Amino acid sequence: MQYPINAIFQTLQGEGVYVGVPSIFIRLQGCPIGCQWCDTKYTWDKISHKEIPWQSIPLKISNNNSWGSADTTEILNTIIRLGWTAKHVVITGGEPCLYDLRPLSAALQATGLTCQIETSGTHVVLCSVETWVTVSPKIKKNKNYNLLYQALKRADEIKHPVSRQRDIDALINYIKKITDEKKRIISLQPINHIASATQLCIKTCIQKNWRLSMQTHKYIDIP
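Residues numbered from 1 in each chain as written. Predicted model: local features only at pLDDT ≥ 70, side-chain atom pairs only at ≥ 80, totals over all residues. Heavy atoms only, no water.

A. Structural context of the environment of I52. Mapped onto the secondary structure, I52 falls in the loop between β2 (22-28) and β3 (68-70). Owing to a relative accessible area of 26%, I52 belongs among the partly exposed residues under this scheme. Residues I52 and N144, spaced 92 residues apart in sequence, show a C-alpha to C-alpha distance of 30 Å. (Helix = DSSP H or I, 4+ residues; strand = E, 2+ residues; numbered from the N terminus. Buried < 20%, exposed > 50% of the residue type's maximum accessible area, 1.4 Å probe, protein only.)

B. Quick look at the UniProt feature "binding site: substrate" (unreviewed entry) in the protein chain. Under the local residue numbering, the UniProt record ascribes the feature "binding site: substrate" (unreviewed entry) to L12, Q13, G14, R27, T92 and P223. When only the residues just named are considered, the largest pocket is lined by L12, Q13, G14, R27, T92 and P223. Mapped onto the elements, L12 comes out in strand β1 (residues 3-12). Among residues more than four places away in sequence, those in contact with L12 are G20, V21, P22, S23, F25, I222 and P223. Note on placement: T92 falls in strand β4 (residues 88-92). In contact with T92, not counting residues within four places along its chain, are F25, I26, R27, L28 and E118. (UniProt positions renumbered as here; feature names shortened; annotations may be inferred. 1 Å grid on protein atoms, 1.4 Å probe; cavity = no way out; pocket = protein on both sides within 12 Å on 5 of 7 lines; lining within 4 Å. Contact = heavy atoms within 4.5 Å.)

C. Region of interest: unusual backbone geometry. The omega torsion of the bond from G93 to G94 falls at 10°, within 30 degrees of zero and hence cis. Along the polypeptide, G94 turns up in the loop between β4 and α2 (102-110). Even without being glycine, K140 reaches a positive phi, approximately 55°. Relative to the helices and strands, K140 is located in the loop between β6 (132-135) and α3 (149-154). According to the relative accessible area criterion, K140 is exposed, its value standing at 75%. Residue D221 is not a glycine yet carries a positive backbone phi of 60°.

D. Seen up close, the sheet that holds β2. Taken in spatial order, the 9 strands make up an open sheet running β3-β1-β2-β4-β5-β6-β7-β8-β9, and their pairing is mixed. The sheet is open, and its two edges are formed by β3 and β9 (211-212), each paired on a single side. Across 7 bridges, β1 lies against β2 in antiparallel orientation. Counterpart to T11 in the pairing with β2 is S23. In the packing of helix α4 (residues 165-175) onto the sheet, the strands contacted are β7 (157-162) and β8 (185-190), and the crossing angle to β7 comes to about 155°. (Pairing = 2+ DSSP bridges. Axes fitted to C-alpha atoms, helices over the stretch in contact; angles between N-to-C directions.)

Right under this line is the structure:
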């Protein structure tokens, strides 16, 4: 299977459960949601004439909407060739669950790497059983795409972007719909480091015994 990849690079995971963990990021092209605060808007549109040779993707030094197509073998060979030492892989986007991630996640794990997916929860999650799924719920952000129960149920971590109280209220209502016994990590992430949102998240996390997720990569200026 071919995947449209905007970027592949090694850094530290900046948020969520794996914060601080050396990670290889695979950023896929394409997302139909259109969140106002998105910091990767260049991944939204998969424009055919923006396709470049796959070999050029690891060499990108700026964020833009060019992308290259690669299969699992090409991706794994690139990771090996570049000598990256991180053992954790984050598949993100864009919206990675536009694509069937079972072949890619299984291939990564077969080499001894752990795998994580960051998704909006608006598309069915298709990945290996062992993959850690982080859902950042996009609730009513696009009238054409609803938050899917399948994605919430598959989630190991629900990391919710928050700007005001109504965001938290919406999350609580959705969490109530999950009826299984799976232990999920719930965290709140203030949007764009807004002071009022941060304080609201802190207060709620203490009340609910949830976690606070800050985008530490923005503070220490890493990709």
